[in-house]
Every structure is written in structure tokens, then in C-alpha cells.
Amino acid sequence: MSRRTILALSGAATAALALTAASLPWTIAAPRAVAFAERDLARRYGLGLSAAGPATLTLLPAPSLSFSRARLRRGDHDLVESAGLQVQLGLAGLLAGRAEVTGLVLDRARIALPDDAAVDWAEPAARLAARVAAGRGRHLRRLVLVDATLSGRDPRTGSRETVTGLNLVASWPRPSAGLDLSAAFTWRGVPATLTVSGLRPPALAAGAETPLTAALTWVAGPGIDGPSAEGSAEIEGSLVWAGTTAANSPAANVPANEASAGPATDGPRLSGQGRFTTPALARTLAWLGVEPGPAALAGPVGVEGRFTARPGGVEWPEIRVRFGDNRLEGAGALALARGRLSVSGTLAAERLDLSGLLPDVEPGGGWSRAPLGLDALTRGDLDLRLSAASARLGSLEAQDVAAGLLVRDGTVEATLGRATVQGGTVKGRAALAALPSGLDARLQGSADRVDLGGLFADLGWPRWILGRGQGSAVLDTAGSSLADLVGRLGGRAVATVEGGEILGLNLADLAQRPDSTAVARRRGGRTHFERARVSLTVADGVAEIGQGQVRGGGLTATLGGRVFLAERRLGAEARIEPGPDGRPAGHFAIEGPWLRPVLRPLAARPLPALSLPAAASAYAP
């Protein structure tokens, strides 16, 4: 074997041994290793380092020092406790005999944010921001957390919050490159993932805009009584840290080894395009620690559009909202203060289905006795204005709808500015206020030129009257259930029908043969009239008929009696006045269910004179 070959083999063996040695961890004295790494951490970020047990040095694939049971602190306060800590070092600095920390890997770290965290973390954050903004020295290129626990006090409620199972990787390879971050964690029992990309730390630290793309997803199993608290949020836009920037703070103008905490910033401002979806909005808000308020009425919800977000609030100058099968567009805003959510918006839709807002009806058609309350709806604020080309409420269809919903602490007010129902115009207002045991309700509304035949068909009622109707009502009540509210209803109402017909009843035949209602109610029987009018005075769920009259075709009939709203039945009497041609008078009882009453002849006797109270004229259309 030649000398050259021997030298080549010896060199290769030496290189292999050197590589092997460099790849192996070398145990070194912990105090010296800690002091070596701490010098750079203190100079750059004002952090101290301590560790228990031996330290190990690894040169390949990248120089690093590893410690066990390590602590990062500021002064006498421990900021981070970690079962394992790897400090990654720059090779150039190591060859020059100094530490340049380029990365940190923390294994099973416990990061507890104390009540005075703003003070403890202010100096490290200010030093970091100042160095990044000024572009001085090497930066921290990599941060890794493995199975970490983060705990701190919620500033809104003051309660302690804990994030567990935090696995985070943040990578910033070059000052000119963007920072990428991915994290998986569990908060309040719900697993979630977060990704961030495109962030430019120098621009952010200097108070300039930086692009940002972020996505958050969360998934949890179904609740006991409903869907899971799952969903996603995506953002693509720009971020700026408004207010006094780190670049303008005192820390930016002092040497690196003398930098101190600068004034606190005002907070982030984020703008761009965003998207939010969840199959259960109320559960998602509850997971976030926000009272659902009016959102308790919503199921699957999707929101997307152009937005601007500031601390405590979000504005959408352009927004598209989906809930259930409804699609709306418009503008909106959201604010959060002390855990209370406030939402405002102006939205429009081609078609709107609000059938889910109707109260349940008990089997058999009775009024529900399920307890009612506003607590679930008034834990947040809502100021919503809606318009729709067409809208549906149960079986009722309307066009050209303009409505509003206002929710404040303990009160709900729904306003129908206008709606076209069966060719007529309907307006109304309902105001609900919470009581210690139930609700106080005040209702008022009016209708003009509504086709009654079409309306009854939409509602599934028997079409016993035709014509264009108008009317108004002012009612109030209080109770703990829908049955209570109806049973305590009070107020006034008046209705008029012009140029109509009563189907299935011939009053002329009834006047001629009062002993045979079957003749009057024979198939195809009908009564034409010019005008029909009725006024009602309501008290304790009973409507007293103050004036009822049907006039037309030389025939006049008057009506008196009661409508029992709680039982949904009639107890009324009708009198057909004698005609000028000698037609006899008739007197009948109208009894039974209010939608399908029966007629019963009565002995002739005069009805008491009934007239509309003068005070009721204010309610007449």
C-alpha cells in the first residue's frame, strides 16, 4: 500500500471520527454551560437562565446546548419552567468563543403568566421588538414548544385559564423572510389548531403593516343536548401594531446591553378578508367564554367578508351571513366588553325563513305552558335591521319586508316597519321585558287591505270570509308561559272588511227560516256584504265584542258576546234585523271552536244596544 493511500485512509478515518464525535452529545459542567448561554440571553432579552443536572453539548447537525430542569427568569421571577431546554447556537459565534442563541426548544414547559405579567414580560418583549425593528444582530430563528402548558388570568373575568398539550413550531429563517407558525393545543377541553404565515416581524416591530394569513380550527364531540362546539376561522390580510411602536420606544435608542422596556403599545389592528363558520354558534361562543345572547337562536352560522379588527371590536363594511338556509348581505359590527357581546348590522336577503322563531304548540292545539324567559337572549346586545324581498314565518308568506330587532339588558323589541301580506300592508311592534317570574309583553300592530281569503288559506284556517280587511290592535300581557300570556291578555282591537262575502252561510235564508240552520249553512251558501266591522275590548284573555255589524244587500246583522282566547272558542250571539220589506228578524247563538263554530237558533229577544266606546276611536284604522 502506497504512502498516499495510507494518508488518504488516515485522513478519512480521522474525518469520520471527528464527525462521529461532533454528532455525539458531550457532557460538560452545567454552571459553565449555563453561564455561557445566559450571557447572550441576558444581553439580548434581559433573561436569566438556571438549570439542574449536567449539560450536554452537540455540534452536529447544528451546535446546541441541552439542559434539564431549566428555568428562564427575569430578576427573581421565573417566567418559564421546562423539563428540558435546548439552546441552539450560531456556528460563527461559537468559533469566535461567544454564544449566539438562534433557537430554543422547550420540552414539557410550564409557562405561568402571573398577575403582573405585563411587568415581567415587558422588558424581554421591548428588547426583542427593538432589535427586530433596528435589524441589529442575529435574531431567534426557531422556537419550539413540546407538550407545554400555558396558564394565566383572563383579563375579562379574572379567572385562571390554562392551555394544555401545546405543541408549537415558529420558524423565521432570515430577516427578509416571513415568520411561519403552527400550533396544536387544548383549551377548555376542546382541541384546536392554529397556523400563521407571511408575518414580517421587522415591519410589525417598526409599526408598519405586514401581510398575514392565519387559520384556526377547533373540534369537539357533541354536547349532551346538541351539536359540537366546532368550527373554523380564516384570515388573509394585513396586521399593524398601532400606537407607540417598539421602534419609537426608548429601548430602540439605547445599546443592546442597556435596552429597557418601552411604553406599552395600543394593540393590534387587523384588516382584510375573513371567514368564520360553525354548526353551533351558541356552543362555540360559550366555549370562548362569551354569553351567546341572541345568538342562542342561531344554529349553523357562516360569516365572511371584508373586515377591520381592533382590540375589543370588529367591523365588517362588507359582510355575507348564512344561518340555516338564509343568505344575507350587508354591513355589521361586533364589540366585546367584559365578556358581553354587542352586535349591530344592516342586512338584506332575497328570501328569509324565520319559522324557527315561532313558539312550539302543544299537541291538541293548546297554548304551550313551557316556561318563558329572556335570560338566554339578553346576555348580549343586538341592533339588527333586516330587509327581504320575501320572508316566511311558519306558513305565512310576506314580501317587501323591513324589520328590526333590538336587544338590550332585560328587553327585546321586534319591529315590523312594513310587509306586504296578501296584497295588503302590515306593520307591528312587540316589546318584551323580563320579570322576576316570566315576561311583560306589549304588542301593537295594524293591517290595511289584506286579502282575508288568501291569508286564511296560508294559515291553514277555514276560508269562511272573503274580502279586503283592515284593522289595528294594542295589547299587553304578562306571564311565565305562552298560555299565561294569552290568559292575561288585555287591550283593544278593531277590524273592518269592505266588499266581502261570508262563505257557507246564507243570512237571508237564515232570516226566513230561523229554525233550520242547515238551510242557511248548506253547501255553496254565501252572504255578500258591503261592510263588516267588529271592535273588541280584551281583559284577562277574554275579548268582549263591543260592536259587531254586517251590512249589505238590504240586510243588517249585529253581533255581541265574547271570544275566549285561552280556550280558542266563541260564545257570541247574532241578530238579523227586520227588513223594510217585512223580512222577519232572527236571533242565533254562535258557539264552539273559533275557527269552526256552530249556529243555534234562539228565542227572539232584543239585543242590548252596543256601540263603540269613544276612547276606542284612537285605535280605528
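Thresholds, definitions, all that
Note that residues are indexed from 1 along each chain, following the sequence as it is written. Reporting of local features is limited, given that this is a predicted model, to residues whose pLDDT is at least 70; pairs of side-chain atoms are given and counted only at 80 or more, and all residues count toward the totals for whole chains, interfaces and linings. To get the side-chain values, all heavy atoms of the structure are used, and hydrogens and water are removed first. For helices the rule is a DSSP run of H or I covering at least 4 residues; for strands it is a run of E covering at least 2, with both sets numbered from the N terminus onward. A simple rule labels every residue: compare its accessible area, found with a 1.4 Å probe on the protein chains alone, to the largest value its type can have, and call it buried under 20%, exposed over 50%, or partly exposed in between. We call two residues in contact when some of their heavy atoms are within 4.5 Å. Computed with the Shrake-Rupley method and a 1.4 Å probe, the accessible areas treat only the protein chains shown as cover for residues. What counts as a ring pair is set by centres within 6.5 Å for rings of Phe, Tyr and Trp (its six-membered ring), and what kind of pair is set by the plane angle: stacked under 30 degrees, edge-to-face over 60, tilted for all other angles. For a Lys NZ or an Arg CZ to count as sitting over a ring, it must be within 6 Å of the ring centre and within 35 degrees of the ring normal. Definition of a polar contact: a pair of N or O atoms within 3.5 Å, with one able to donate and the other able to accept a hydrogen when the atoms are protein atoms, and with sequence-neighbouring residues admitted only if both atoms are side-chain atoms. Each reported salt bridge corresponds to a side-chain nitrogen of Lys or Arg within 4 Å of a carboxyl oxygen of Asp or Glu. Whether two strands pair depends on DSSP finding at least two bridges between them. In this text, buried Ala, Val, Leu, Ile, Met, Phe, Trp, Tyr and Cys residues form a nonpolar core when linked through side-chain atoms within 4.5 Å. One confidence number per residue, pLDDT, is output by the predictor and ranges from 0 to 100. In this scheme, a helix's expected span is set at 1.5 Å multiplied by one less than its residue total. Bending is quantified residue by residue as the angle between axes fitted to the seven-residue window ending at that residue and the seven-residue window starting at it.

## Considerations on the overall build of the chain
- Secondary structure summary: the chain contains eleven helices and 31 strands in total.
- Put simply, the chain has 621 residues, and 38% of those count as buried.
- Partitioning the contacts of the chain with sequence separation of at least 6, the portion at a separation of at least 24 is 52%.
- Counting every atom, the chain has about 32,100 Å² of accessible surface; 58% of that belongs to carbon and sulfur.

## Details of the packing of aromatic side chains
- Under the criterion given, the structure shown has five aromatic pairs.
- Judged by centre distance (5.3 Å) and plane angle (65°), the rings of Phe456 and Trp461 are edge-to-face.
- Residue Phe456 is classed as buried on the basis of its relative accessible area of 10%.
- Three or more aromatic residues link up through ring pairs in this structure, and these residues are Trp187, Trp218, Phe276 and Trp287.
- Over the face of the ring belonging to Trp367 we find Arg568, whose NZ or CZ atom lies 3.9 Å from the ring centre.
- Seen from the ring of Phe564, Arg569 lies directly overhead, with NZ or CZ sitting 4.1 Å from the centre.

## Topic: helix α8 (residues 452-459)
- Three or more residues of α8 are buried, namely Leu452, Gly453, Gly454, Leu455 and Phe456.
- Residues of α8 that are buried in the fold lie against β20 (396-408), β21 (411-421), β23 (438-451), β24 (465-479) and β25 (490-503).
- One side-chain oxygen at the N-terminal end of α8 lies 3.2 Å from the backbone nitrogen of Gly453; it belongs to Asp451.
- Positive backbone phi, at 80°, marks Gly460, one or two positions downstream of α8.

## With respect to the pattern of salt bridges
- One pass over the full model with this rule turns up 21 salt bridges.
- Between Arg531 and Glu498 there is a salt bridge, with its nearest N and O atoms 2.5 Å apart. Highlighted residues: Arg531 in strand β26 (residues 526-539) and Glu498 in strand β25, separated in sequence by 33 residues.
- Across the salt bridge formed by Glu501 and Arg526, the nearest N and O atoms sit 3.0 Å from each other.

## Comments concerning the environment of Leu565
- When you line up the elements, Leu565 lands in the loop between β28 (555-564) and β29 (569-576).
- When its relative accessible area of 15% is taken as the criterion, Leu565 is described as buried.
- When the C-alpha atoms of Leu565 and Val538 are compared, they prove to be 9.3 Å apart, with 27 residues separating the residues in sequence.
- Excluding residues within four positions of it along the chain, Leu565 makes contact with Trp367, Val486, Leu489, Val538, Gly541 and Trp594.

## Examining the side chain of Glu501
- Checked against the element boundaries, Glu501 lands in strand β25.
- Looking at Glu501, the relative accessible area reads 12%, which means it is buried.
- In terms of polar contacts, Glu501 uses its side chain to reach the side chain of His528, at 3.0 Å.
- Beyond its immediate sequence surroundings of up to four residues, Glu501 is in contact with Trp464, Ile465, Leu466, Arg526, Thr527, His528 and Phe529.

## A closer look at unusual backbone geometry
- Within the chain, Asp400 stands out as a residue other than glycine whose phi angle is a positive 50°.
- Its place among the elements puts Asp400 in strand β20.
- At Asp540, a position not held by glycine, the phi torsion is positive, near 55°.
- Assignment of secondary structure puts Asp540 in the loop between β26 and β27 (542-552).

## Some points on the pairing of strand β3 (residues 64-74)
- The pairing of strand β2 (residues 48-58) with β3 spans eight bridges and is antiparallel. In the strand pairing of β3, Gly48 is matched with Arg73.
- As paired strands, β3 and strand β4 (residues 77-89) are joined by ten bridges and run antiparallel to one another. Each residue of the ladder has a partner; that of Ser64, found in β4, is Gln88.
- Linking two consecutive strands that pair antiparallel, namely β3 and β4, is a turn of two residues; a positive phi of about 65° is found at Gly75 within it.

## A closer look at the nonpolar core
- Judged by nonpolar contacts, the single largest core of 70 residues is most densely connected at Leu507, Phe529 and Ile576.
- With residues up to four places along the chain from it excluded, the contact list for Leu507 reads Thr527, Leu555, Ala557 and Ile576.
- Formed by 39 residues, the second largest nonpolar core is a distinct cluster that contains Ala37, Leu65, Val190 and Trp218.

## What to know about the side chain of Thr527
- Relative to the helices and strands, Thr527 is located in strand β26.
- On the basis of relative accessibility, which here comes to 8%, the residue Thr527 falls in the buried class.
- Residue contacts for Thr527: discarding those within four places in its chain leaves Gly500, Glu501, Ile502, Leu505, Asn506 and Leu507.

## Looking at the confidence of the model for the chain
- Per-residue confidence for the chain gives a mean pLDDT of 80; residues scoring 70 or more make up 77%.
- Within the model, pLDDT remains below 50 along residues 223-227, and this stretch shows eight contacts once partners closer than five positions in the same chain are excluded.
- Counting contacts from residues 244-265, a segment whose pLDDT is below 50, to residues more than four positions away or on other chains yields 45 contacts.

## Structural notes on helix α2 (residues 30-45)
- Over its 16 residues, α2 extends 21 Å from the first C-alpha to the last, a length consistent with the 22 Å expected when each residue adds 1.5 Å.
- Along α2, the largest kink reaches about 30° and is centred on Glu38.
- Those residues of α2 not exposed but buried are Ala30, Ala33, Val34, Phe36, Ala37, Asp40, Leu41, Arg44 and Tyr45.
- Backbone geometry just downstream of α2 places Gly46 in the positive-phi region, at approximately 70°.

## A look at the pairing of strand β10 (residues 210-218)
- In the sheet, strand β9 (residues 190-199) pairs with β10 via six bridges, with the strands oriented antiparallel. Each residue of the ladder has a partner; that of Leu194, found in β10, is Leu216.
- As defined by bridge partners, β10 adjoins strand β13 (residues 231-242) across nine bridges and the pair is classed as antiparallel. The residue bridging Ala214 from the neighbouring strand is Ile235, located in β13.

## Concerning the environment of Val314
- Inspection of the secondary structure assignment puts Val314 in strand β16 (residues 313-323).
- Note: C-alpha distance between Val314 and Arg269 (45 residues apart in sequence) is 9.8 Å.
- Those residues within four positions of Val314 in sequence are excluded, and the remaining contacts are Phe307, Thr308, Ala309, Ala333 and Leu334.

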